[in-house]
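If you want the building blocks of each chain, they are given just below.
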Amino acid sequence: MSVLVLVLAVSAACCLGFGFVLQQNAASHAPLSDFLSPRLLLDLIRVPRWLGGIGLMVCGMVLGAIALGKGELSLVEPLLATNLLFALALSRHQTKQPLGRQGWAGLLLLAGGVTAFIVAGRPKGGDDITDPLRHWLIIGIMVGLALLLTAYAKRSSRLSATPVLLSLAAGLLYGVQDALTRVSGQRFGEGGWGELLTGWQPYGVLVLGVTGLVLVQSAFETAPLRMSLPALTAAQPLAGIICGVGFLGDRLRMDAGALAWEAAGLAAVVAGIVLLGLHPAMPPGTAKTERAVDLQPR
C-alpha cells in the first residue's frame, strides 16, 4: 500500500469526521419544515459553524478524490471509514466523556477490521470493465436502494428509523459518487478538461453530492449524531467496494481463506462503527418530542 494513499485517505477521513460533527451541531437547530428539502441548505448556509463543517467536508472530499486517483477504490474506502474515529475524538473533546470499554472496543474493531480487509484482500488495480450494462446495473441498484430507503423514511412513523434510513441512503449515494469521482479523474488524466466535461460522470458526481448532502443534513436535523453517522459511515465503503470490484476493475484475493478474512474484516468494521457511533460522547442533538409528531405521515 502506498504511504501517500494512506496519508491522503486518513487526512480525508479526519476532515470528514470533524466536518460531520460541526454540521450536525448546526443542523440540529434547523427548522423542521425544511426536512428533505433543498431549503434546508439555504437556511444552514447562514450558520458559520455549518459552513466550517462543509469546508472541512469539501477538503476531505478533495483529499479523498486525490487518494482515489492514486489508489484502488477498494483500498481507499475502508480507510475513509475511519472518519468516525475523528468524529468521536472531537465529540469527546466537546463532551469530556471518557472512551470507556465501548469506545476502546469500537476503536479496536474498526482499526482491526480495516487492517484485516486490506491485508487479506490486497486490493489491486485492473482494467475497467467496459460493458455499459454492468455499469448501469450496479449504479442503478445502488441509486434505486437509496430512493427506496428515502421514500420509506419519509413515510415512516418511527422517528428512530428515519435518520438511520436517510443515512444509509446517503452512504449508498456517496459510495457511487466516489466511484464516479475516480472515473472522472481518469478521464481528466487522459484528455484534460475537454475529455472530462464531455462525459456524464462529473455531472453525476455533482447530483449525487447535492442529493446526499440534503439527505445527511435532514438526518442530522432530526436526531443525534449517534443515530445517523454509523449508518452513513458503514454504507459508503460497502457501496464503494461493490462499485470498485463491480465495474472499475479492482481485484481482491478470492481464495477461501482470503474471502473469510475479508468478510470478517468488513464485519468488524461495521461492528466498530456501530459501537463508536452509539458512544455517549457523540453529540446528543436537540431533537424534541414534537418532531416525532411532525414527521409522522398525515
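Every residue gets a number counted from 1 within its own chain, in the order that chain's sequence is written. Restriction of local features to residues with pLDDT of at least 70 applies here, the model being predicted, together with a cutoff of 80 or more for giving and counting side-chain atom pairs; totals for whole chains, interfaces and linings are based on all residues. In computing side-chain values, all of the structure's heavy atoms are included and hydrogens and water are not.

### Observations concerning the overall build of the protein chain
Operational definition: Counting from the N terminus, the helices are the DSSP runs of H or I reaching at least four residues and the strands are the DSSP runs of E reaching at least two. Throughout, the radius of gyration refers to the C-alpha atoms, and the reference size of a globule is 2.2 Å times the residue count to the power 0.38. Relative accessibility thresholds used throughout: buried, under 20% of the residue-type maximum; exposed, over 50%; partly exposed, between the two (1.4 Å probe, protein chains only). Every accessible area reported is derived by Shrake-Rupley at a probe size of 1.4 Å, with residue values counting cover from the shown protein chains alone. When charges are counted, Lys and Arg are positive and Asp and Glu negative, with His and the chain ends excluded. By convention, charge coordinates are those of NZ in Lys, CZ in Arg, CG in Asp, or CD in Glu.
Along the protein chain, the regular secondary structure elements total twelve helices and zero strands. Against the globule reference of 19 Å for 298 residues, the protein chain gives a C-alpha radius of gyration of 19 Å, in line with a compact fold. Along the longest, intermediate and shortest principal axes, the C-alpha atoms of the protein chain span 55 × 45 × 35 Å. Counting only residues that meet the buried cut, the protein chain has 51% of its 298 residues in that class. Total accessible area computed for the protein chain in this model is approximately 13400 Å², and 69% of it derives from carbon and sulfur atoms. Treating the 21 positive side-chain charges of the protein chain as one cloud and the 16 negative ones as another, the clouds have centres 10 Å apart.

### Considerations on helix α1 (residues 3-27)
Going by this rule: A helix is expected to reach a length of 1.5 Å times the quantity of its residues less one. N or O atoms within 3.5 Å of each other form a polar contact, as long as, within protein, one can give a hydrogen and the other can take it, and as long as residues adjacent in sequence are counted only when both atoms are side-chain atoms.
In a regular helix each residue adds 1.5 Å, so 25 residues correspond to 36 Å; α1 covers 36 Å between its end C-alpha atoms and thus fits that length. Here α1 starts with a cap whose side-chain oxygen sits 3.2 Å from the backbone nitrogen of Leu4, and that cap is Ser2.

### Examining helix α4 (residues 73-80)
Think of an α-helix as turning once every 3.6 residues; residues three or four places apart then point the same way. To be explicit about the condition: We call two residues in contact whenever any of their non-hydrogen atoms come within 4.5 Å of each other.
α4 sits mainly inside the fold: eight of its eight residues count as buried. On its buried face, α4 sits against α1, α3 (48-70), α5 (83-95), α6 (100-121), α8 (161-197) and α10 (225-247).

### Looking at the state of the cysteines
As a reminder, the rule being used: In this description, a disulfide is simply a cysteine sulfur pair whose atoms lie within 2.5 Å.
Counted under the stated rule, the structure contains zero disulfides. Just so you know, Cys14 is unpaired, no disulfide at all, and the nearest cysteine sulfur is the one on Cys15, 5.5 Å from it. Summary of cysteine pairing: Cys15 is not part of a disulfide, and the nearest cysteine sulfur, belonging to Cys59, is at 5.4 Å. Residue classification places Cys15 among the buried residues on the basis of a relative accessible area of 15%.

### Some points on the confidence of the model for the protein chain
For clarity, the threshold we go by: On a range of 0 to 100, pLDDT expresses the predictor's confidence in each residue.
Considering every residue of the protein chain, the mean pLDDT works out to 84; 92% of them sit at 70 or more. Across the protein chain, α3 holds the top mean pLDDT of 92, while helix α12 (residues 289-295) sits lowest at 43. Taken together, the stretch residues 286-298 has pLDDT below 50 and engages in 23 contacts with residues farther than four places along the chain or on a different chain.

### Remarks on the pattern of salt bridges
Under the convention used in this document: In what follows, salt bridge is the name for a side-chain nitrogen of Lys or Arg lying within 4 Å of a carboxyl oxygen of Asp or Glu.
Scanning the entire structure with this criterion turns up four salt bridges. Close ionic contact of Asp43 with Arg46 constitutes a salt bridge, the shortest N to O distance being 2.7 Å. Take Arg46: its relative accessible area is 64%, and that puts it in the exposed class. Linking Arg187 and Glu195 is a salt bridge whose minimum nitrogen-to-oxygen distance equals 3.5 Å. A relative accessible area of 19% places Arg187 in the buried class. In this structure Glu195 comes out as partly exposed when scored by relative accessible area, which is 30%.

### Digging into the packing of aromatic side chains
Formally: Only rings of Phe, Tyr and Trp enter the pairing, Trp through its six-membered ring, and a pair is recorded when the two centres are within 6.5 Å. The plane angle decides the type: under 30 degrees is stacked, over 60 is edge-to-face, the rest tilted.
Per the counting criterion, the structure on display carries four aromatic pairs. Plain terms: the ring middles of Phe18 and Phe86 are 6.2 Å apart, the flat faces sit at 90° to each other, and that makes the pair edge-to-face. Of the two residues, Phe18 is situated in helix α1 and Phe86 in helix α5; the sequence distance between them amounts to 68 residues. For Phe86, a relative accessible area of 22% gives the class partly exposed. With 5.0 Å between their ring centres and 70° between their planes, Phe188 and Trp193 make a pair best called edge-to-face. By relative accessible area, which is 58% here, Trp193 ends up exposed.

### Some points on the side chain of Thr82
Mapped onto the secondary structure, Thr82 falls in the loop between α4 and α5. Excluding anything up to four places from it in sequence, Thr82 contacts Ala13, Leu110 and Val114.

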